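Chains, contacts and geometry: an overview
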Amino acid sequence: MVQNCLSIVIPCFRNDVGLEKTLESISRQNAFGRPMEIIVINDGASPDVSRVAKNYGCNSVELNPARGSYFARNQGLECAKGAIVLFLDDSMSLDAGWIAKALLEIAECDYLCGNVKISAVDFSKAAHVHQHYNGFNIPALFQNHHAGGAGALMVRRQVFEHLGGFDQRLLSGGDMEFGNRVYASGLRQKFLFSPVIWHEVKDLKSLLRQQLRIERGWNQLTTFYPQRFLYRNPTSNIKTFSRAVGFIFPPSRSVFRQTYPELHKAKRVNLVLLLWTL
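For clarity, every value in this text was computed on a predicted model and none was experimentally measured. (Residues numbered from 1 in each chain as written. Predicted model: local features only at pLDDT ≥ 70, side-chain atom pairs only at ≥ 80, totals over all residues. Heavy atoms only, no water.)

Looking now at the confidence of the model for the protein. Put simply, the protein has an average pLDDT of 85, and 82% of its residues get 70 or more. Here residues 263–271 is a poorly scored stretch, pLDDT under 50, and it has 10 contacts once near neighbours within four places are set aside; other chains count. (pLDDT = per-residue confidence, 0-100. Contact = heavy atoms within 4.5 Å.)

Shown next as structure tokens:
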């Protein structure tokens with residue numbers, strides 16, 4: 001372990017364009033002269049991802065076949081040399097000064113989660129509207145579950161040495177389980193409200209896949225950790241299915257107006273509701 005080094009771990013599943021966006025954003029950050037290493041975990045061994053990682057001078061680890069994001073993060077952690085590890089996702093852009101501010105904050109804690117928001121929202125598209133109002137409510141996640149998203153997380157390496165890594169059995173919710181574990185151990189946690197990390201908006205197909213993965217992850221959490229997550233137990237596969245499928249149906253006009261008050265007089269509201277089901 002190199003005491004003064006910052007290790008940045010980025011799992012990437014066949015998204016070379018999104019990876020390049022994240023790496024370009026990191027290249028503009030200031031780490032107070034602290035040495036940085038960037039480790040890209042090429043989940044699925046995409047040649048394009050390897051090319052982008054090489055162009056930016058990153059260490060690249062190929063996983064073939066793909067093993068999932070939490071396995072990839074654990075692999076990155078094994079390769080990391082730094083005393084502080086920053087986990088980011090692809091398709092992210094960091095506000096100017098984010099790493100510098102985060103390094104100041106981590107000096108006073110063991111676990112620091114960043115604030116993530118959606119960028120470039122097109123209000124004529126239903127998936128964009130949904131993510132703008134419902135996606136990445138990280139402050140609530142931190143307040144209610146003592147966790148942040150694994151794609152914007154800075155942690156002291158000694159925390160992993162003490163508690164272990166992410167539960168790589170989970171399809172989703174591994175960030176919540178890890179944060180919950182950190183909190184239960186009495187380690188110091190902080191939330192960084194500003195600067196912000198911006199995540200690229202997803203299309204409707206990707207958003208639906210994400211929602212299904214989240215529901216499956218909740219089922220796994222209640223199965224593997226019933227003492228900690230039983231309050232969210234769906235009790236049946238039918239309820240899980242209905243929640244996931246219900247996501248693709250449009251809300252009623254009245255619900256839409258209450259949820260999105262800025263749009264209730266927009267001419268495209270009916271079009272947005274129609275697109276919601278496409």
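Within the element layout of this structure, Q220 appears in helix α9 (residues 204–224). A polar contact of 3.3 Å, which involves the side chain of Q220, links it to the backbone oxygen of R169. With sequence-adjacent residues up to four places away left out, Q220 is seen in contact with R169, L170, L171, S172 and Y225. (Helix = DSSP H or I, 4+ residues; strand = E, 2+ residues; numbered from the N terminus. Polar contact = N/O pair within 3.5 Å; in protein donor to acceptor, adjacent residues only side chain to side chain.)

All right, on to unusual backbone geometry then. The amide bond that connects N64 to the next residue, P65, takes the cis arrangement and shows omega of 5°. Residue placement: P65 occurs in the loop between β3 (59–63) and α3 (69–79). Of note, the bond from S194 into P195 is cis; its omega dihedral lies within 30 degrees of zero at 0°. Here P195 lies in strand β8 (residues 189–200). Even without a glycine there, the phi angle at A45 is positive, about 55°. Within the fold, A45 resides in the loop between β2 (36–43) and α2 (47–55). We note that H146 has phi near 60°; this positive angle belongs to a residue other than glycine. What makes H146 partly exposed here is its relative accessible area of 21%. (Buried < 20%, exposed > 50% of the residue type's maximum accessible area, 1.4 Å probe, protein only.)

Its location among the elements puts Q29 in the loop between α1 (16–27) and β2. Separated by 3.0 Å, the side chain of Q29 and the backbone nitrogen of W98 make a polar contact. Leaving out residues up to four positions away in the same chain, Q29 has contacts with L94, D95, A96, G97, W98 and I99.

Along helix α4 (residues 98–106), 7 of the 9 residues are buried, which leaves the element largely enclosed by surrounding structure. Turning to α4, its buried residues are W98, I99, A100, A102, L103, E105 and I106.

Once that is clear, we can look at the pattern of salt bridges. Considering all chains together, one arrives at 13 salt bridges under this definition. E108 is the partner of K190 in a salt bridge, and the nearest nitrogen-oxygen pair spans 3.3 Å. With K190 in strand β8 and E108 in the loop between α4 and β6 (111–119), this pair connects stretches of sequence that are 82 residues apart. Using a relative accessible area of 24% as the deciding quantity, one classes K190 as partly exposed. With its nearest N and O atoms 2.6 Å apart, the salt bridge here joins E177 to R181. With a gap of 4 residues between them, E177 and R181 both fall in helix α8 (residues 174–184), about one helical turn apart. There is no split in this pair, since E177 and R181 are both buried. (Salt bridge = Lys/Arg side-chain N within 4 Å of Asp/Glu carboxyl O.)

The next thing to look at is helix α5 (residues 126–134). Residues of α5 that are buried: A126, A127, H128, V129, H130 and Q131. F136 occupies a position one or two residues after α5 and carries a positive phi of about 55°.

Before going further, it helps to examine the sheet that holds β6. If you trace the 8 strands from one edge of the open sheet to the other, you get β3-β2-β1-β4-β7-β6-β8-β5, paired in mixed fashion. In the strand order of this sheet, the two ends are held by β3 and β5 (92–94), each with one partner. Averaged over all pairs of adjacent strands, the angle between their axes in this sheet comes to 25°, without regard to strand direction. Where strand β1 (residues 2–12) and β2 come together, 7 bridges link them in parallel fashion. Its bridge partner being in β2, V9 is matched across the sheet by I39. Sheet strands in contact with α4 are β1, β2, β4 (82–88), β5, β6, β7 (152–156) and β8, and its direction is about 160° off that of β8. (Pairing = 2+ DSSP bridges. Axes fitted to C-alpha atoms, helices over the stretch in contact; angles between N-to-C directions.)

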